[in-house]
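# Survey of secondary and tertiary structure
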Amino acid sequence: MMKKKSVSARKASLVLFLCQMISALDVPLDSKLLEELSQPPTITQQSPKDYIVDPRENIVIQCEAKGKPPPSFSWTRNGTHFDIDKDAQVTMKPNSGTLVINIMNGGKAEAYEGVYQCTARNERGAAVSNNIVIRPSRSPLWTKEKLEPNHVREGDSLVLHCRPPVGLPPPIIFWMDNAFQRLPQSERVSQGLNGDLYFSNVQPEDTREDYICYARFNHTQTIQQKQPISVKVFSMDSLNDTIAANLSDTDIFGAKPVTERQPVLLTPTGSTSTKVELRGNVLLLECIAAGLPTPVIRWIKEGGELPANRTFFENFKKTLKIIDVSEADSGNYKCIARNRLGSAHHVISVTVKAAPYWITAPRNLVLSPGEDGTLICRANGNPKPDISWLANGVPIAIAPEDPSRKVDGDTIIFSHVQERSSAVYQCNASNEYGYLLANAFVNVLAEPPRILTPANKLYQVIADSPALLDCAYFGSPKPEIEWFKGVKGSILRGNEYVFHDNGTLEIPVAQKDSTGTYTCVARNELGKIQNEVHLEVKDPTMIIKQPEYKVIQRYGQASFECVIKHDSTLLPTIIWLKDNAELPDDERFLVGKDNLTIMNVTDKDDGTYTCIVNTTLDSVSASAVLTVVAAPPTPAIIYARPNPPFDLELTGQLERSVELSWIPGDENNSPITNFVIEYEDGLHEPGVWHYQTEVPGTQTTVQLKLSPYVNYSFRVIAVNEIGRSQPSEPSEQYLTKSANPDENPSNVQGIGSEPDNLVITWESLKGFQSNGPGLQYKVSWRQKDVDDEWTSVIVANVSKYIVSGTPTFVPYEIKVQALNDLGYAPEPSEVIGHSGEDLPMVAPGNVQVHVINSTLAKVHWDTVPLKTVRGHLQGYKVYYWKVQSLSRRSRRHVEKKILTFRGNKTFGMLPGLEPYSSYKLNVRVVNGKGEGPASPDKLFKTPEGVPSSPSFLRITNPTLDSLTLEWGSPTHPNGVLTSYILKFQPINNTHELGPLVEIRIPANESSLILKNLNYSTRYKFYFNAQTSVGSGSQITEEAITIMDEAMASRQVDIATQGWFIGLMCAVALLILILLIVCFIRRNKGGKYPVKEKEDAHADPEIQPMKEDDGTFGEYSDAEDHKPLKKGSRTPSDRTVKKEDSDDSLVDYGEGVNGQFNEDGSFIGQYSGKKEKEPAEGNESSEAPSPVNAMNSFV
């Protein structure tokens, strides 16, 4: 029983303390108050817990804190005191705890790896930072490895491994080719999360030799490149051709065609896997599958839905991305890869753990002596974090005893605190995945009351609305607030007032008699203070005559009234709206003091018009509708421009103003919309009229503002919708008195034209701006940031003055003031100019070149001191030129290239370099004057690259079975040539390519005889050069081996014999006689049987007959010895087709429409044989000739 009482008492005590904690003092965010109150330290800025630094730059570890008095700072490194005074490379910023470790002047970042913690301390406590782990970033080189070419069959899957070097932080991986172009990715080819390149199935177009994996290390801004990977895809057609070339005609051969395959997962492997992710991170799950056709990936969550708005699919749905994961996202995620042959799946079991996160972080506590309070530190995580407390950076178990303090798990309870109880407490919540550290101070203050609301502050409200009178206060203990009205009034109480905890007095319904002075009194045991504020209650604004509904005929005039009544001390503004929007920008809408007039209303003026009256305290409005109706028919009216105004009169002449009045002329049936007033300055510009102002057409007087020292004349022009009237007669002249200039020259600048001068320029005042005779300018200057007196000179009415003998490029303060015979213009504003620039004095130092690859380099330099620039720094120029090619020692004309880098940059990229070459460069700083001296020439060399194509490829000396190839070395070797690669393959009659043969040739060769080739065969050759980096672009040629040499020699021998030439002449004469006889007989209408023609003119040597059927045979060529194959011109049924036969009868007629008579004779004359198209493939490209006919009988 007693135990239960004790537990209940403890709970009641804790509840009491929590309630008291809520009522602890709040310190207002008043800057003046905060400067005066003592306060323990508070960490305001610190470096991240895991701090990866660039090893080439200085390490800056931030630690900033505030407190009263200002705190001092100390550091620990790896748990022990870090004495920065003993390390010359380490400094601490003044009035700060931030450490600067000097790496750029000899320090090594690796020597400063470790765990750092900052402590900020003053007389009221000590705050500590997080443990800051310092690690320099690393970008190691790729380990050397020998990469074998990948030979893959079409349709198979393939994985190209990247295996990047382990860096800090891990690098970003991407795949590119030799031309620095990203390799295209798709559902079939994509990059995995580990950087490998996955092919679900390979295609012939995947063949290439420059699959290159790149790793980019962002911290060090470096990119590492893996050796290129070669992929060769063998298609089924090429495999069949290769097999056919090595088998006899009787063998059965042929590789299987590309077979489709159902999906198989390339990653992850197996059927299940696990994944652990932390709360708040991004969950990435990946499934990549092989298969043909390419599988499609689908994701599901077993027993639930994928979270909406946080789920994204990437990498062609191969990657599932869930952002901001929580414990609810734990579960089994299944990826399913499917094509038309089947599917495969994998289940990933995801567990979401959590580093500690705050439920209630401890908050600063400000208490008065003797008060109670609590600090609460509650955090959650998975697993649940352990809570530990520190006091002033020391574990609370070994910290100095404080009788007012009691620790109860995640809560510290304070009872009857004293000023010595002030301290900073640290709460540490940690589990295996991380930790949280929070500082919260307990500040025990004894302060008399202070009222922060300004004295005599005026509050204004409208009658019958609430009034809130502020009395912001602070004190410790918390003061009590009382309000009084009047100097000797009694304390305010009752239901008509509301007293807020922050000291504000609220009068829910203020009346006119609520006006007066109110006094706020704040008191505690240490003192008392009071403050007066004033309340004014104003009459409400009312619209006493509201706009009324109107029906107006088209082209008539509509007028709405809005007469108001308001408090005399408030200034109202009236705004008119049409359909709750601004009035149209139209001169027909005239807004008066208490009315709106619309001239010449049209149909588009229909709508609701609203009058809104605003004051600083209230706003009222009223609306009315305008309806426009058609006007009754009227006789035709002649419209014209208005007549000019007349009877101009000047009245009320003052030094700077005058009133002009006039009488309007006839408006000629079109109302005058406005009047334009112009003026002439008879003193400075006689005869020139200038625009002065314009007024509405209902106004006939205007108050004009004038300038001094001007002889004014005015005229008025009336305007209506038709146009402008003629100007009125000028008014009488009015000469205004002279005065000091009102303004100074504009656009004042100071820019030196020479290194030792300062040119001050400005825009001069116009004539009437001078305000009087004798316009001059006072030009003043002095060197900026130097305790110097102004130097001044008075010049005539010019716009430039040159100051000589100035130092080079120093800032000057400049001002130009106008003056005339009556005095000076107002004091001008100052502008900053610079004396003249000179060429920079110093060249950039520490020029370094980092060669990125064979065509790209990065150059670094140190900035030059600004004092030596001697001008506006515009940037740096890098001059670079090729000294020589390392593969060819011959020098050439040096062509220098220039790259300009704007601003104060310290590095730049040099693109377009030639591989395997020696370059020089220098750097110069540039200002507005020009370039400074060049830095010493820096020599650097580019590595080898792939060569260009060979300069030529010639194929000569064709024989029956050989060809001779000659070539020239590449114009740009881009390195040391290691070999040449020759590939060739035959081309058949249908232009299909045969099997490909590859030969590697030593680099020192320039010709090659290819033997054992097929005779009378066309070959295609592919030729390229290689360096150690890879193969260059190829050059192609085609050539044909010759036919049988004996045949060729006989053909040539016969064609050159004298008897053969004579025979051909006789045949030609015989054909000519035949044609003449044929022509004569046709004209007589006789018949000419083909059989008779054949009998009369048969020549066995010219027209050999087939023994079996007597039809015309083909003239033989060099290939007529060969057995008939698929490509033979004579079909197997021994008939002669038109498209196949070289001697078709149709070729001798007038066309395909030739006809036979009943007796078989051919109607039509013989004509010359049509010219045939060139034959393709290995067929003869010549038409049958007597030469071929003779050869067939040899």
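Residues numbered from 1 in each chain as written. Predicted model: local features only at pLDDT ≥ 70, side-chain atom pairs only at ≥ 80, totals over all residues. Heavy atoms only, no water.

## Regarding the overall build of the protein
Definition in use: Comment: elements are numbered from the N terminus, with helices defined as DSSP H or I runs of at least four residues and strands as E runs of at least two. When accessible area is computed with a 1.4 Å probe and restricted to protein chains, residues below 20% of their type maximum are described as buried, those above 50% as exposed, and intermediate ones as partly exposed. Contacts are residue-level and defined by heavy atoms, with any inter-residue pair within 4.5 Å sufficient. In this description, accessible areas are obtained by the Shrake-Rupley approach with a 1.4 Å probe, and a residue is regarded as covered only by the protein chains that are shown.
The secondary structure content of the protein amounts to eight helices and 85 strands. A burial count over the protein gives 40% of its 1194 residues as buried. A sequence separation of at least 24 residues applies to 65% of the contacts in the protein between residues at least 6 apart. By element, 51% of the accessible surface of the protein is carried by carbon and sulfur atoms, the whole surface being about 65200 Å².

## Things to note about the nonpolar core
Nonpolar side chains in soluble globular proteins tend to be buried together. Applicable threshold: By nonpolar core we mean a set of buried residues, namely Ala, Val, Leu, Ile, Met, Phe, Trp, Tyr and Cys, connected to one another through side-chain atoms within 4.5 Å.
Grouped together as the largest cluster of nonpolar side chains are 30 residues, with contacts concentrated most on I59, I61, W75, I101, Y116 and I134. Broken down by secondary-structure element, the contributors of at least two residues to this core are β2 (50–53), β3 (59–61), β4 (63–68), β5 (72–77), β8 (99–101), β9 (114–122) and β11 (132–136). Per-element tally for this core: the top contributor is β9, with three residues. Sequence-distant contacts of I134, that is, excluding residues within four places in its chain, are made with Y51, V53, I59, I61, Y112, E113, G114 and Y116.

## A few points about the sheet that holds strand β61 (residues 701–705)
Applicable threshold: In short, DSSP must find at least two bridges between two strands for them to pair. Helix axes are fitted only over the stretch in contact, all axes being lines through C-alpha atoms; the angle between N-to-C directions runs from 0 to 180 degrees.
Sheet architecture is open: three strands sit in the order β57-β58-β61, paired in antiparallel fashion. One side of each edge strand has no neighbouring strand; the edge strands of this open sheet are β57 (646–651) and β61. Averaged over all neighbouring strand pairs, the angle between strand axes comes to 25°, with direction disregarded. Pairing analysis gives five bridges linking strand β58 (residues 657–663) to β61, with the strands arranged antiparallel. Bridged to V658 within β61 is L704.

## Notes on the state of the cysteines
The following threshold applies: Any two cysteine sulfur atoms within 2.5 Å of one another count as a disulfide.
The full count for this structure, using the stated rule, is six disulfides. There is a disulfide in this structure between C63 and C118, and the S-S distance comes to 2.0 Å. The sign of the S-S torsion, about -70°, decides the handedness of the disulfide formed by C63 and C118: left-handed. Placement of C63 in strand β4 and of C118 in strand β9 is noted, with a sequence separation of 55 residues between them. By relative accessible area, which is 0% here, C63 ends up buried. The side chain of C162 participates in a disulfide bridge whose partner is C213; the two sulfur atoms lie 1.9 Å from each other. One disulfide, between C162 and C213, carries an S-S torsion of -70° and so falls in the left-handed class. Here the residue C162 occupies a position in the loop between β13 (158–160) and β14 (172–176), and C213 occupies one in strand β17 (residues 208–217), the gap between them amounting to 51 residues.

## Describing the side chain of T1027
We count it as follows: For the purposes of these results, a polar contact is taken to be a pair of N or O atoms within 3.5 Å, where, inside protein, one atom must be able to donate a hydrogen and its partner to accept one; residues adjacent in sequence count only when each atom of the pair is a side-chain atom.
Among the secondary structure elements, T1027 is positioned in the loop between β84 (1018–1026) and β85 (1035–1040). Among the polar contacts made by the side chain of T1027, one reaches the main-chain carbonyl oxygen of G945 at a distance of 2.7 Å.

## What to know about the pattern of salt bridges
Quick note on the threshold: Put simply, a salt bridge is a Lys or Arg side-chain nitrogen that is within 4 Å of an Asp or Glu carboxyl oxygen.
For the structure shown, the criterion picks out 37 salt bridges. Across the salt bridge formed by E113 and R138, the nearest N and O atoms sit 2.9 Å from each other. Placement of E113 in the loop between β8 and β9 and of R138 in the loop between β11 and β12 (150–153) is noted, with a sequence separation of 25 residues between them. Residue E113 is classed as partly exposed on the basis of its relative accessible area, which comes to 28%. When its relative accessible area of 38% is taken as the criterion, R138 is described as partly exposed. K784 serves as the salt-bridge partner of D785, at 3.3 Å between the closest nitrogen and oxygen. Residue K784 is classed as partly exposed on the basis of its relative accessible area, which comes to 28%. Where salt bridges share partners, they join D177, R208 and D210 into one cluster.

## Brief notes about a nonpolar patch on the surface
Our working rule: Within this analysis, patches are made of residues with over 30% relative accessible area and no salt bridge. Like charges are joined at 9 Å or less; nonpolar side chains (Val, Leu, Ile, Met, Phe, Trp, Tyr) at 5 Å or less.
A surface patch of nonpolar side chains, amounting to about 640 Å² of accessible area, comprises L1069, L1072, I1073, I1076, V1077, F1079 and I1080. Its place among the elements puts V1077 in helix α6 (residues 1058–1083).

## Regarding the environment of V537
Take V537: it is sitting in strand β46 (residues 527–538). Beyond its immediate sequence surroundings of up to four residues, V537 is in contact with V461, I462, A463, A510, Q511, K512, S514 and T515.

## What to know about the confidence of the model for the protein
The cut-off we apply is this: The pLDDT score gives, residue by residue, the confidence of the prediction method on a 0 to 100 scale.
With 84% of its residues at a pLDDT of at least 70, the protein reaches an overall mean of 84. Note on residues 247–255: pLDDT is under 50 here. Beyond four places in sequence and across chains, it has 10 contacts. A low-confidence stretch, residues 1047–1052 stays under pLDDT 50, and its non-local contacts, those more than four residues away or across chains, total five contacts.

## Focus on α6
To keep it simple, the criterion reads: Helix span, as expected, comes to 1.5 Å for every residue beyond the first.
With 26 residues, α6 should cover 38 Å at 1.5 Å per step; its first-to-last C-alpha distance of 39 Å lies within 8% of that length. Of all the positions in α6, only F1060, V1067, L1074 and C1078 are classed as buried.

## Some thoughts on the side chain of E678
Topologically, E678 is positioned in strand β59 (residues 674–681). Within the structure, the side chain of E678 is placed 2.8 Å from the side chain of R715, a separation counted as a polar contact. Contacts of E678, omitting those with residues within four sequence positions, involve W689, H690, Y691, Q692, S713, F714, R715, I717 and R724.

## Observations regarding unusual backbone geometry
In the segment running from K68 into P69, the intervening peptide bond is cis, with an omega of 0°. Summarising the element assignment, P69 is placed in the loop between β4 and β5. Following L168, the chain continues to P169 via a peptide bond in cis, the omega torsion being -10°. Checked against the element boundaries, P169 lands in the loop between β13 and β14. With a phi close to 55°, N392 is a non-glycine residue in the positive phi region. Checked against the element boundaries, N392 lands in the loop between β32 (386–391) and β33 (394–395). With phi around 55°, D647 is a residue other than glycine that occupies positive phi space.

## Focus on the sheet that holds β3
Judged by pairing direction, the sheet is antiparallel, and its three strands sit side by side in the order β3-β8-β7 without closing on themselves. The open sheet terminates on both sides in strands that have one partner only, identified here as β3 and β7 (90–92). Strand after strand, the sheet turns through a mean of 20° between neighbouring axes, direction not considered. The sheet contact formed by β7 and β8 spans three bridges and is antiparallel. Paired with M92 across the strands is L99, a residue of β8.

## Quick word on the packing of aromatic side chains
The condition that has to hold: Between 30 and 60 degrees the pair is tilted, below 30 it is stacked and above 60 it is edge-to-face, where a pair is any two Phe, Tyr or Trp rings, Trp via its six-membered ring, whose centres lie within 6.5 Å.
Evaluation of the coordinates by the stated rule reveals 20 aromatic pairs. With centroids separated by 5.8 Å and ring planes inclined at 80°, the aromatic side chains of F199 and Y211 adopt a geometry described as edge-to-face. With F199 in strand β16 (residues 197–199) and Y211 in strand β17, this pair connects stretches of sequence that are 12 residues apart. Take F199: its relative accessible area is 1%, and that puts it in the buried class. For Y211, a relative accessible area of 4% translates into the label buried. Where F984 meets F1021, the ring centres are 5.7 Å apart and the plane angle is 35°; that geometry is what we call tilted.

## A few points about the environment of T98
Tracing the backbone shows T98 in the loop between β7 and β8. Taking the C-alpha atoms as reference, T98 lies 4.4 Å from Q62; in sequence the two are 36 residues apart. Sequence-distant contacts of T98, defined by excluding residues within four places in its chain, comprise V60, I61, Q62, C63, E64, T91, M92 and K93. A polar contact of 3.2 Å, which involves the side chain of T98, links it to the backbone nitrogen of C63.

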